Structure formats: C-alpha cells, structure tokens
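So you can see what is in the structure, the chains are spelled out below.
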Amino acid sequence: MALKLIVTDMDGTLLRSDNTISQYTKDVLIQAQKQGIILVLASGRNYHKLMPYAKQLQMKRFGGYFIEVNGVAVYQCKDDKRQRFHEMSGQAAQAIFNKLLPYEVEIQAMGDDFIYDYIPDSMMEEKIRYRKEHHLPDDCPWTGGAFTFIMDNRIGYPHQVTIHSAKELPPTMNKLAVSHLPSRLQALLPTIRKELEDDYWIGLTSPGWLEVMPKGITKGNALQQLCASLGVEAESVMAFGDGENDREMLQWAGHGVAMANGLDSVFAIADEICPSNQEDGLAKTVAKYISGQNE
C-alpha cells in the first residue's frame with residue numbers, strides 16, 4: 001500500500017501499560033513522519049491528555065492531528081486549531097444516567113477539563129480495598145479508569161465533582177463512561193446494550209470500561225472527515241486499535257490492525273493482528289511498511 005496516514009488509538013495500542021511510549025516506537029513514528037506520512041492520535045482522551053505524547057512524537061513540527069473523545073473533535077497540532085463536531089446534552093445524559101442507576105455502576109460525565117462522577121455505595125467497599133492494596137495516596141480521587149479500578153485523572157481533568165443524582169450533571173459534556181469490575185460489567189453488558197443502543201453509540205474500550213456517545217460520533221466518522229479534508233483516500237490509511245471504539249476506524253481504513261491484547265470483536269473486523277502494546281506491535285508493523293518490506 002502507498003501509506004500516507006497512520007492513525008492510532010492510545011490506551012492499549014500506542015501506550016504501554018504504564019502509559020508511556022517506548023523509545024523504539026517514538027523513533028519509528030518520527031521516521032514515518034519524516035517520510036511525509038501524517039500521524040493521527042485517535043483517542044477517548046481529550047487534547048489536554050494527548051498533548052504530552054504529541055510533543056514526544058514531534059507532531060507540531062510534522063503537522064499531525066488528534067481525533068479526540070472518540071470523534072467529538074479534531075485538533076490540528078501545527079496551528080493549534082480545534083474543530084468540535086458535537087456535544088452530549090445534559091438532558092440526554094440525565095436520561096441515560098437514570099436508566100443506568102438500577103445497575104449500580106460508576107457513571108462519569110466527562111468534558112474537556114472536568115469529570116462529574118457518580119459512584120454507588122455498593123462499589124465503595126471495593127474502592128477502599130483497592131486503594132489500600134495499591135498504596136494510593138489519601139488525596140487520590142475515587143474515579144475509575146479504563147484499565148484500573150481507580151485512576152488519578154487530575155492532570156487531564158482538573159475539575160472533578162462527586163454527584164449523587166442526574167440533576168447534578170453539567171449542561172453539556174463530551175461523553176458518559178460506565179465502569180465496574182470487568183466481571184460485573186460483562187454480566188450487565190447485554191442488558192445495558194438493549195437499554196441504550198437504539199439511541200446511542202455504545203462500546204467497550206476495555207473489559208471494565210464502557211463508553212456512551214451520541215449516535216454517529218465515532219473515531220471512524222471523524223477520520224473519514226479528516227482524510228477528506230486532506231485529500232487522503234482510505235486505501236492509503238493504516239489504523240491501529242484494541243477496543244470497540246476503534247472498530248469503525250479500522251473498518252474504514254485501507255488496512256486495519258488489531259493489537260494482540262485487543263477485544264475479540266476487534267479481531268473480527270481487522271485485516272491484521274500485530275503483537276501487543278507491550279511488545280511494540282504498532283511500531284514493528286509500521287517499520288515493515290516504511291522500509292518497503294511489506295508492500
């Protein structure tokens with residue numbers, strides 16, 4: 001393939017489990033950009049949380065892009081320009097919140113710099129145990145994360161509010177996230193999908209983290225719009241991902257690559273499965289293409 005653009009998910013794909021990019025991966029992606037290939041970071045994260053990685057990858061220098069919050073916005077690194085496509089209304093979020101309430105799951109309303117967090121009493125005993133076992137500081141928020149039962153997100157989301165009802169949700173937000181222990185969330189998943197999927201996009205990004213977005217807001221749709229503006233055809237795009245929020249962009253891209261650590265539903269639609277995020281799977285795959293070994 002004549003590779004012109006690489007788009008990659010972050011957690012579980014570009015990033016290792018410690019939230020870092022290996023030096024080898026940095027070197028490969030910088031070399032790809034030197035060869036004129038456009039780099040796009042596509043994440044459930046917002047631009048605040050993507051910027052440190054963009055600096056490591058020299059994306060401002062080479063003119064890379066972010067697809068933020070599963071397609072809510074596109075950010076142009078070179079000129080620091082941001083195009084927002086959609087927001088979730090407080091009214092819609094309240095309706096979703098009230099449907100989820102009986103399932104006793106953690107619900108997070110996430111914006112550009114805030115999290116409104118609802119944690120049912122039934123989860124707090126487990127949260128307290130987790131904090132002690134992992135020696136987390138007393139000031140660490142209770143908020144759950146995609147890969148950990150408690151995740152300190154204060155750097156990307158400095159404004160964090162604990163709520164107890166739907167009425168306390170903000171007027172607008174980027175998305176709702178639902179979390180619990182993986183075994184519990186997996187058991188609830190069919191019921192939650194049945195409740196919500198007619199009106200919203202729903203997808204697992206990890207076994208313990210489910211994201212709810214407005215219909216039509218996906219990484220794939222944002223990627224398609226970005227590529228149209230750049231004059232890049234789908235067959236010249238290579239996409240990497242591991243979660244259900246990556247499926248649409250892997251399907252649209254000319255070559256969709258699933259990480260070995262990904263979900264089965266992602267394997268099912270991928271053109272290729274590469275080694276895991278812990279094994280530099282993305283970089284090893286890109287290196288083959290930019291060196292001409294896999295044409």
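The structure under discussion appears in the preceding block.
Cut-offs applied
Residues numbered from 1 in each chain as written. Predicted model: local features only at pLDDT ≥ 70, side-chain atom pairs only at ≥ 80, totals over all residues. Heavy atoms only, no water. Helix = DSSP H or I, 4+ residues; strand = E, 2+ residues; numbered from the N terminus. Polar contact = N/O pair within 3.5 Å; in protein donor to acceptor, adjacent residues only side chain to side chain. Contact = heavy atoms within 4.5 Å. Pairing = 2+ DSSP bridges. Axes fitted to C-alpha atoms, helices over the stretch in contact; angles between N-to-C directions. Buried < 20%, exposed > 50% of the residue type's maximum accessible area, 1.4 Å probe, protein only.

**Student:** How would you explain the side chain of D280 if you had to name every residue and give the values?
**Tutor:** With respect to the helices and strands, D280 occurs in the loop between β16 (272-274) and α10 (281-290). At a separation of 3.0 Å, a polar atom in the side chain of D280 contacts the side chain of T25. Beyond its immediate stretch of four places on either side in the chain, D280 contacts S22, Y24 and T25.

**Student:** Mind laying out the sheet that holds strand β2 (residues 38-42), listing which residues take part and the relevant values?
**Tutor:** An order of β5-β4-β3-β2-β1-β14-β15-β16 is seen for the eight strands of this open sheet, with the pairing classed as mixed. Single-partner strands in this sheet number two, and they are β5 (81-84) and β16. The sheet shows a mean angle of 20° between the axes of neighbouring strands, direction not considered. Inspection of the sheet shows strand β4 (residues 73-76) paired to β5 by four bridges, in the antiparallel sense. Bridge pairing links A73 to R84 in β5. Relative to the sheet, helix α2 (residues 47-56) contacts β2, β3 (65-68), β4 and β5, its axis offset from that of β3 by approximately 150°.

**Student:** Give me the lowdown on unusual backbone geometry, citing residues and values where you can.
**Tutor:** Located in the positive-phi region is N19, a residue other than glycine, with phi close to 65°. Note that N19 resides in the loop between β1 (5-8) and α1 (23-34). N19 sits in the partly exposed class, given a relative accessible area of 27%. Located in the positive-phi region is Q58, a residue other than glycine, with phi close to 60°. Within the fold, Q58 resides in the loop between α2 and α3 (59-62). Of the residues examined, Q58 reaches a relative accessible area of 28% and is grouped as partly exposed.

**Student:** Pulling in residues and values, what's your account of the environment of Y200?
**Tutor:** Tracing the backbone through its elements, the reader meets Y200 in strand β12 (residues 200-206). Residue classification places Y200 among the buried residues on the basis of a relative accessible area of 16%. For Y200 and E211, which are 11 residues apart along the polypeptide, the C-alpha to C-alpha distance reads 9.9 Å. Non-local contacts of Y200, meaning those with residues more than four positions away in its chain, are made with A92, I96, V212, M213, P214 and K215.

**Student:** Account for the pairing of strand β13 (residues 209-214), naming residues and giving values.
**Tutor:** The buried fraction of β13 amounts to six of the six residues, a majority that puts the element mostly inside the structure. When strand β11 (residues 175-179) meets β13, the two strands line up antiparallel, connected through four bridges. Opposite V178, over in β13, you have L210 as the bridge partner. Here β12 runs beside β13; their pairing, made up of six bridges, is antiparallel. From the neighbouring strand, Y200 faces β13, where its bridge partner is P214. Where β12 folds back on β13, the antiparallel hairpin that results is connected by two residues.

So far we have only geometry, and geometry alone does not tell us how the molecule works.
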